[in-house]
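Examination of the molecular architecture
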Amino acid sequence: MSAALTLLRRDVILAWREGGAIGVALGFYLVVVAITPFGLGPDLNLLARIAPGMLWVALLLAALLSADRIFHNDYEDGTLDVLTTGPLPLPVLAGVKCLAHWIATGVPLALLAPVLGLLLNLPLDAMPLLVLSMLVGTPAVSFVAGIGASLTLGLRRSGLLLALLVLPLYVPVLIFGVSTVSAAVVGPGSPWPPFLMLCALSLASIVLAPIAAAAALRTAQR
Amino acid sequence: MQSPFSVSLKARAIACERGGRTLFEDLSFALAPGEALLVRGPNGVGKTSLLRQLAGLLPLAAGGLEAPGAAEDMPVSELCHYVGHLNAAKNALTVRENLAFWTEFLGHGDGDLAGALSAFGLEDLASLPAGLLSAGQKRKLALSRLFAAPRPVWLLDEPSVSLDTAAVKRLDDAIREHLEAGGVAVVSTHVPLRTKFAHELTLDFGGEA
Amino acid sequence: MTPMISLASPTRFLALVGTVVPWLSALVVVLLAVGLYLSFFVAPPDYQQGETVRIMFIHVPAAWVALGCYVVIAIAALGTLIWRHPLAAVAAKAAAPIGATFTFIVLVTGSLWGKPMWGTYWVWDARLTSLLVLFLLYLGLIALWQAIEEPGRAGRAAAILALVGAINLPIIKFSVDWWNTLHQPASVFRTDGPTIDPALLTPLFVMGAAFIALFVLLHLIAMRAEILRRRVRALQQTQVAHAAVAEA
């Protein structure tokens, strides 16, 4: 659908230009991972063991930082209203915007993760699996964040509220995402079962989340 | 110029509720191709809500809306250009990029970017980021959207806000040209326009016109 | 927005609540009295855990209500979104704090029960962790209700969130179970203890009935309060609207 591609392209370009958001998310990711050792101590063995969990949790928080822009900017300047009169059904519209968030925020964060893993002494041979698990899991992050963003559209303190609503829903993604990497670092077991669960979660989110987000958008537009 | 439209707009006993209150009910009108409806009334009475209902942004509390003459499965909202209070312009995109997006997104391949740029004389500003424009220029950018893609129904909510006299005249001419091409328009405005409105609707706080 | 059944009318509902509450309160008192007596004086102490097993008689029924309440909210959510039943949103809004409180009771009693057994006030076992996530979901619902001023939008948004949570709960439970077996391969004390002695079943079910009756009572009272609150708000809005017309 060329309308969907047009919208996707516009959203990614806007995210890039209003560049603050991507840069801030990456910066936040770096800062959180960097200060962790100050709280935990520089013991490299300890850091290596907590690295997968830490990298995932910090990624979730960083992704949530930019989540409320998924719909908010368009809602604020009236673009969302006009987009609704376009050819795309509302769930597809919501899905495209979540996809744009993934491309503009999820993927960069996932690609930065191995670099931050160095700070936490993550073994080098775990890095490919780290990036892979994050690339596969961040669609779930972006799409579920889209549900939160659409529910909290236009509300005060929507960023915090969004995080409160959405973080409990990330428990499965976190569990399987971290397990995939931990299996490579610490064992036991193969990383592939949790990895497949992660794939399933992302696919399910891509299909189902836009429906919920569209319902919430309609509610907010009234 | 545009190919002629042949779509009517009919509202049958529509009602509007917001925040639990009924703004209006049993409101009907019928616009044949080439006719325009002027909506008037005090602030807060429901003019914007009516336009949003016609655009499909606000559900109808009762009644029905139809557009005889349009393709079978086309929802009414896809036949409309909705220009509300907000300009729907992205500050980080240039004027040309803003209009190019709408041309492609709303256009189904029928879009006319050059026409949209020249409609309100924005060609000189085409390469500037929309964020730098003045309020009046941003309003012109919003109205230029009407020319980005051909759609039979124009829904205009206070379109002349921030516009100077020349631009208001241009808007007036644009509406008239649209009506002459068989289009239909519903306009809410306090500003006297030279366009002849076939129908007038005045909303008041009693619930009906 | 035609009501589904005549019970849907708030006025009739208020009348119904008025009649039911006194009887239901009496029932709750009786059930609680009997249940507590059975739990604390009749049921035998567990051969392994001693007297502390009695916390189970509060912990387990509270867990039933905590989960059941979410089911009620999910059904009410369907009522709001699909059937537009006018009382559905009221039911959901009233139930959320009650569910949160019962979940909190489960967590606290679970923690108190665990201290003698595990030596710490908290362990991340599958059951308690899932209930903690349920607690967070309740908090999210309450926060969303508070954050949106317009009741119509609040009702619909909370309904969407409730359904999203309902779909996620089994997934979360599954993932927490999996996570737990991964990290604690050794057997952990299940929070409802080893297989339940039949002598413990009667007090458990009586307490269960008491808690369910208590939930229904609290829910009806909360719904009544919410309906009255909305009436006050509607009256205030009418006042404002009249003033606006007078000014215009």
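Quick caveat: nothing in here was measured; it's all calculated off a predicted structure.

1. Regarding the nonpolar core
- Within the largest apolar cluster, 208 residues are counted, with the highest numbers of intra-cluster contacts made by Leu59 of chain A together with Ala92 of chain C.
- Top element by residues in this core is helix α3 (residues 86-118) of chain C. It accounts for 15 residues.
- Those residues within four positions of Ala92 of chain C in sequence are excluded, and the remaining contacts are Ile73, Ala76, Ala77, Thr80, Ala158, Ala159 and Ala162 of chain C.

2. Points about the sheet that holds strand β1 (residues 9-18) of chain B
Residue and element names in this part refer to chain B.
- Taken in spatial order, the three strands line up as β2-β1-β4 in an open sheet, and their pairing is antiparallel. In this open sheet, the two strands that pair with only one neighbour each are β2 (21-31) and β4 (62-66). For this sheet, the mean inter-axis angle between neighbouring strands, taken without regard to orientation, is 25°.
- In this sheet, β2 lies alongside β1 in antiparallel orientation, the contact comprising seven bridges. Along β2, the bridge assignment pairs Ile14 with Leu27.
- The strands that helix α1 (residues 47-55) touches are β1, β2 and β4; relative to β1, the one it contacts most, it runs at about 125°.

3. Let's talk about the interface of chain C and chain A
- Taken together, the contact between chain C and chain A spans 23 residues of the former and 19 residues of the latter.
- With 14 residues, the top contributor of residues to the side of chain C that touches chain A is helix α5 (residues 151-183) of chain C.
- In terms of residue class, the side of chain C that touches chain A is made up of 18 nonpolar, three polar and two charged.

4. Looking at the sheet that holds strand β7 (residues 184-188) of chain B
All names here are of chain B.
- Judged by pairing direction, the sheet is parallel, and its five strands sit side by side in the order β5-β6-β7-β3-β8 without closing on themselves. If you trace the sheet from one side to the other, it starts and ends with β5 (80-83) and β8 (199-202), each paired once. Adjacent strand axes in the sheet meet at a mean angle of 10°, parallel and antiparallel pairs treated alike.
- Both strand β3 (residues 36-40) and β8 contribute to a ladder of four bridges, which runs parallel.

5. A word on the packing of helix α3 (residues 44-65) of chain A against helix α9 (residues 171-185) of chain A
Residues and elements named next belong to chain A.
- At a minimum axis distance of 9 Å, the contact between α3 and α9 shows a crossing angle of 150°. Taken together, the axes of α3 and α9 lie roughly antiparallel to each other. The chirality of how α3 crosses α9 is right-handed. Here α3 contributes Ala48, Pro52, Gly53, Trp56 and Leu60 to the contact with α9, which in turn contributes Leu174, Gly177, Val178, Val181, Ser182 and Val185.
- Its residues assigned to classes, the contact of α3 with α9 comprises eight nonpolar, three polar and no charged.

Conventions adopted
- Residues numbered from 1 in each chain as written.
- Chains lettered and ligands numbered in written order.
- Predicted model: local features only at pLDDT ≥ 70, side-chain atom pairs only at ≥ 80, totals over all residues.
- Core = buried A, V, L, I, M, F, W, Y, C linked by C-beta atoms within 7 Å.
- Buried ≥ 20, exposed ≤ 12 C-beta atoms within 10 Å, placed from the backbone.
- Helix = DSSP H or I, 4+ residues; strand = E, 2+ residues; numbered from the N terminus.
- Contact = placed C-beta atoms within 7 Å.
- Pairing = 2+ DSSP bridges.
- Axes fitted to C-alpha atoms, helices over the stretch in contact; angles between N-to-C directions.
- Nonpolar A, V, L, I, M, F, W, Y, C, P; charged D, E, K, R; others polar.
- Parallel < 35°, antiparallel > 145°, perpendicular 65-115°, else oblique.
- Left-handed = near helix turned anticlockwise from the far one by under 90°.

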